[in-house]
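The chain contents come next:
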Amino acid sequence: MSSMSDCDLPPRPLKRSISYNCKNLVRQHLVHVENRLFEMFGDKEKNTIDISRFLLGLTATGMRHSDPRLKEMRENLKKFQDKIAASDHHALNISYDTFMSIISDNLEVIVKAFSSSFVIPDFRGFCHHIEEIYAKCLTNTDGKAAHYIPQLARANPDHWAVSVCTVDGQRYSTGDVNVPFTLQSCSYALNYALALGQLSDVGVHIYVGMEPSGRHYNELCLDYNNKPHNPMINAGAIMTAALLKPDLSAADRFDFVFNMYKRLGGGEYLGFNNAVFLSEKECADRNFALAYFMRENKCFPEGTRLHETLDFYFQLCSLEITAESGALMAATLANGGINPLTGDPVLTVDAVRNTLTLMHSCGMYNYSGQFAFKVGLPSKSGVSGCVLLVVPNTMGICLWSPPLDSNGNSCRAVQFCMELVSRFNFHNFDNLRGHFTSKCDPRMAKAESKAQILFDLLFSAAAGDLSALRRHSLSGSDMQAKDYDGRTALHVATSEGHLNIVKYLLYNCQVYPLPKDRWGRTPLDDASSFGHPDCGEVIIECSKKRGIEIPLPLSDANDFHAD
Ligand code: DON
């Protein structure tokens with residue numbers, strides 16, 4: 001294999017979105033990552049990297065080459081390949097400088113991938129378990145596909161798909177993961193989240209309760225306040241449909257939801273199954289009865305157009321996803337509403353919190369209580385055999401297999417969830433203090449040194465990575481730990497102007513607001529020096545609330561001190 005230094009791209013400075021202040025940190029880490037990259041894919045003597053091995057290595061971390069966060073790398077690589085195509089087809093070893101110029105635009109995520117800083121550090125090991133569980137459930141031939149409409153009754157009972165997407169965009173899919181199926185009542189959870197985003201919880205819950213019904217999902221009943229019990233059963237979902245953009249035309253309402261779903265799924269597959277829609281509409285006596293019953297009981301907001309609302313509800317049940325796109329939707333919920341691949345803030349964290357709460361208590365029809373007890377995770381099931389499962393702050397999983405049990409849940413999907421939590425400590429209450437469990441925590445790196453943890457903490461704060469910081473906090477990291485220079489996560493987050501991180505550290509983690517680094521600088525000095533007055537104001541406000549005296553500013557940092 002030849003080294004391609006002749007055909008190298010022109011060297012150019014590394015473009016990093018992380019600014020000057022944290023360059024030291026990045027540089028320090030780059031040395032570490034560089035060494036690892038050489039160890040794994042390179043030849044240190046010749047100063048070359050084997051690009052195809054590097055790409056394979058990236059896949060092993062769980063990142064796909066098609067990941068939107070690697071767009072520039074793909075383009076650079078394509079340019080490079082086009083350039084060398086004529087001269088050398090085996091140009092796998094490229095000079096280190098060329099390699100860096102190819103990956104420089106996407107350095108942050110690549111550094112993260114190769115520093116074992118993704119939420120599931122040993123992703124391959126984890127996928128091995130998923131594959132085993134998948135195979136075990138494949139032999140389960142229990143259940144029958146839904147038969148209330150012919151389109152669902154004709155489903156192939158052998159279809160079985162599992163797709164996983166973590167909050168860091170690590171992906172694994174197995175089985176029939178590209179076969180489309182309708183969302184059915186999995187749409188209820190997403191519509192509820194959208195309605196919360198429009199009207200807030202107060203606005204939504206004027207019209208729908210938050211109590212598990214303990215009744216069949218399409219039973220003709222209301223709660224003791226004369227509201228549908230919750231948004232995860234038919235009556236509640238018809239109500240949610242009524243609340244979504246009622247002032248728009250029917251077409252625009254559909255477009256609104258379609259676009260929001262598309263963002264949740266990062267632009268991946270989303271379709272509409274017209275045959276299912278027509279069939280739903282034709283076999284809808286119970287849903288009509290529910291709607292009229294609610295109208296009789298004055299449940300709807302004034303001006304609700306009943307038939308249009310029902311049509312809208314049938315349309316939303318008839319939207320199609322694949323297990324792949326569904327996993328990304330679930331991962332967006334797991335990630336507090338921010339799509340892990342596109343970074344798009346689709347839903348507010350409050351909307352997600354409330355949605356996960358009701359998925360947890362009401363998402364699995366009449367099995368919801370048992371599911372909460374045994375699996376302990378928010379999920380939503382649909383009669384097409386789909387289950388959206390969320391492991392908060394960790395991953396979204398989409399499961400699909402048409403045969404249903406007597407509760408209307410996919411037999412294989414429920415078995416999968418049970419197996420998953422028997423191996424991993426994902427149950428909501430698996431991590432109680434003092435509770436011994438032999439289950440494994442795939443979120444823990446095998447042997448992370450204290451220095452590595454501290455580095456990752458500071459790096460995440462500098463990069464504005466809130467989910468990584470949440471993970472640190474949940475796993476008991478010292479959130480005010482200092483590096484060799486006495487710098488803390490609060491220092492670096494302030495220097496980079498990440499206001500949300502500063503607030504998170506001060507108010508959620510309760511870190512001390514004015515720690516001094518070895519030059520005597522506090523985060524307040526950094527806020528001033530690096531031009532982030534909003535961060536400075538939050539630090540001052542927090543210090544005042546805690547009765548902490550605000551020190552005189554250092555000579556170069558005098559903008560934000562209280563009078
Ligand atoms: O409206 C219906 O009855 C169907 N589209 C069923 C939706 C579903 O998945 C059941 N839900 N709770």
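This is a predicted model, so every value here is computed, not measured.

Bringing the overall build of the chain into the picture now. The number of helices and strands found in the chain is 23 helices and 11 strands. Taking all 563 residues of the chain together, 56% fall into the buried category. Considering only contacts in the chain between residues 6 or more positions apart, those separated by 24 or more positions represent 69%. Summed over all atoms, the accessible surface of the chain reaches about 24,300 Å², with 52% contributed by carbon and sulfur.

Within strand S4 (residues 161-166), six of the six residues are buried, which leaves it mostly tucked inside the rest of the structure. Both faces of S4 are covered, namely the face carrying Ala-161, Ser-163 and Cys-165 and the face carrying Val-162, Val-164 and Thr-166. Linking two consecutive strands that pair antiparallel, namely S4 and strand S5 (residues 171-175), is a turn of four residues; a positive phi of about 75° is found at Gly-169 within it. Across six bridges, S4 lies against strand S11 (residues 395-400) in antiparallel orientation. When the bridges of S11 are listed, Cys-165 appears paired with Gly-396.

Taken together, 13 residues lie around the ligand, and Gln-184, Ser-185, Asn-287, Tyr-313 and Val-383 are the ones closest in. Measuring from a nitrogen atom of the ligand, one finds a side-chain N or O atom of Gln-184 at 2.6 Å. A distance of 2.9 Å is found between an oxygen atom of the ligand and a side-chain nitrogen or oxygen belonging to Ser-185. When isolated, the ligand has an accessible area of 340 Å², and the protein chains bury 97% of it.

Right, let's talk about unusual backbone geometry for a bit. Of note in the backbone geometry, Tyr-365 takes a positive phi value of approximately 55° without being a glycine. On the secondary structure map, Tyr-365 appears in the loop between helix H15 (349-362) and helix H16 (368-374).

Counting across every chain of the model gives 21 aromatic pairs. Relative to Phe-258, the ring of Phe-254 lies with its centre 5.8 Å away and its plane at 35°, an arrangement referred to as tilted. Residue Phe-254 and its partner Phe-258 are located together in helix H10 (residues 250-264), separated by four residues, close to a single helical turn. Through a chain of ring-to-ring contacts, the aromatic side chains of Phe-41, Phe-54, Tyr-96, Phe-99 and Phe-114 assemble into a single cluster. Against the face of Phe-256 rests Lys-245, its NZ or CZ located 4.9 Å from the ring centre.

Turning next to helix H12 (residues 285-296). Along its 12 residues, H12 runs 16 Å from first to last C-alpha, staying within 8% of the 16 Å computed at 1.5 Å per residue. Burial in H12 covers these residues: Asn-287, Leu-290, Ala-291 and Met-294. An end-on view of H12 places all buried positions within 95° of arc, on one side of the element. Away from the buried face of H12 by more than 90 degrees, exposed residues Asp-285 and Glu-296 are located.

Turning our attention to the sheet that holds strand S6 (residues 181-182). Within a sheet, adjacent strands bond to each other through the backbone by hydrogen bonds, running parallel or antiparallel. Spatially, three strands are ordered S6-S8-S7 in an open sheet, and the strand pairing comes out antiparallel. Edge strands, defined here as strands with exactly one partner in the open sheet, are S6 and strand S7 (271-272). The pairing of S7 with strand S8 (residues 319-321) spans two bridges and is classified as antiparallel. Along S8, the bridge assignment pairs Gly-271 with Glu-320.

This chain's UniProt record puts "repeat: ANK" (unreviewed entry) on residues 485-506. Along residues 485-506, the helical share is 73% and the strand share 0%, with 21 Å between the first and last C-alpha atoms.

Among the secondary structure elements, Tyr-172 is positioned in strand S5. For Tyr-172, the residues in contact, after removing those within four places along its chain, are Phe-123, Cys-127, Ile-130, Glu-131, Val-162, Ser-163 and Val-164. For Tyr-172, the side chain forms a polar contact with the side chain of Glu-131, separated by 2.3 Å.

As a further point, take the layout of surface pockets. Each pocket or cavity is described by its volume, and for the second largest pocket that value is around 1,100 Å³. As for the second largest pocket, its lining consists of 43 residues, and the residues nearest its centre are Ala-463, Gly-464, Asp-465, Leu-466 and Ser-467. Among the elements of the structure, helix H5 (107-114), helix H18 (450-463), helix H19 (466-474) and helix H21 (499-508) are those that each provide at least two residues to the lining of the second largest pocket. Here the lining of the second largest pocket is composed, by residue class, of 16 nonpolar, 17 polar and 10 charged.

So, about the nonpolar core. Of all hydrophobic cores here, the largest spans 103 residues; its most connected members are Tyr-261 and Phe-416. Sorting elements by how many residues they give to this core places helix H8 (residues 186-205) first, with 10 residues. Not counting residues up to four positions away in its chain, the partners in contact with Phe-416 are Ile-130, Ile-133, Tyr-134, Cys-137, Trp-160, Val-162, Ile-397 and Leu-399. Residues Ile-94, Met-100, Ala-113 and Phe-114 belong to the second largest nonpolar core, which totals 29 residues.

Turning our eyes to something else, we now look at the environment of Arg-353. Structurally, the position occupied by Arg-353 is in helix H15. Since its relative accessible area comes to 56%, Arg-353 is described here as exposed. A distance of 3.0 Å separates a polar atom in the side chain of Arg-353 from a polar atom in the side chain of Asn-354.

Burial along strand S9 (residues 379-382) is two-sided: the face carrying Ser-379 and Ser-381 and the face carrying Lys-380 and Gly-382 are both buried. Taken together, the four bridges between S9 and strand S10 (residues 386-391) define a ladder with antiparallel strand orientation. Paired with Ser-379 across the two strands is Leu-389, which belongs to S10. As consecutive antiparallel partners, S9 and S10 are separated by three residues, and within that stretch Gly-385 has a phi angle of approximately 100°, a positive value.

This part covers the packing of H8 against helix H13 (residues 306-317). The contact between H8 and H13 brings their axes to 9 Å, and the two run at 115°. Residues Ser-187, Tyr-188 and Asn-191 of H8 form the contact with H13, whose participating residues are Tyr-313, Leu-316 and Cys-317. Across the contact of H8 with H13, the residue classes tally to four nonpolar, two polar and no charged.

Taken as a whole, this structure holds zero disulfides when the rule is applied. Its sulfur unpaired, Cys-186 is 3.5 Å from the next cysteine sulfur, which belongs to Cys-386. Its sulfur unpaired, Cys-417 is 8.7 Å from the next cysteine sulfur, which belongs to Cys-137.

Rules and cut-offs
Residues numbered from 1 in each chain as written. Predicted model: local features only at pLDDT ≥ 70, side-chain atom pairs only at ≥ 80, totals over all residues. Heavy atoms only, no water. Helix = DSSP H or I, 4+ residues; strand = E, 2+ residues; numbered from the N terminus. Buried < 20%, exposed > 50% of the residue type's maximum accessible area, 1.4 Å probe, protein only. Contact = heavy atoms within 4.5 Å. Areas by Shrake-Rupley, 256 points an atom, 1.4 Å probe, with all protein chains shown as cover. Pairing = 2+ DSSP bridges. Near = heavy atom within 4 Å. Polar contact = N/O pair within 3.5 Å; in protein donor to acceptor, adjacent residues only side chain to side chain. Phe/Tyr/Trp six-rings, centres within 6.5 Å; stacked < 30°, edge-to-face > 60°. Lys NZ or Arg CZ within 6 Å of the ring centre and 35° of its normal. Expected span 1.5 Å × (residues − 1). Arc of directions from axis to C-beta. UniProt positions renumbered as here; feature names shortened; annotations may be inferred. 1 Å grid on protein atoms, 1.4 Å probe; cavity = no way out; pocket = protein on both sides within 12 Å on 5 of 7 lines; lining within 4 Å. Points joined across faces, edges and corners; volume = space filled by probe spheres on them. Nonpolar A, V, L, I, M, F, W, Y, C, P; charged D, E, K, R; others polar. Core = buried A, V, L, I, M, F, W, Y, C linked by side-chain atoms within 4.5 Å. Axes fitted to C-alpha atoms, helices over the stretch in contact; angles between N-to-C directions. Disulfide = S-S within 2.5 Å.

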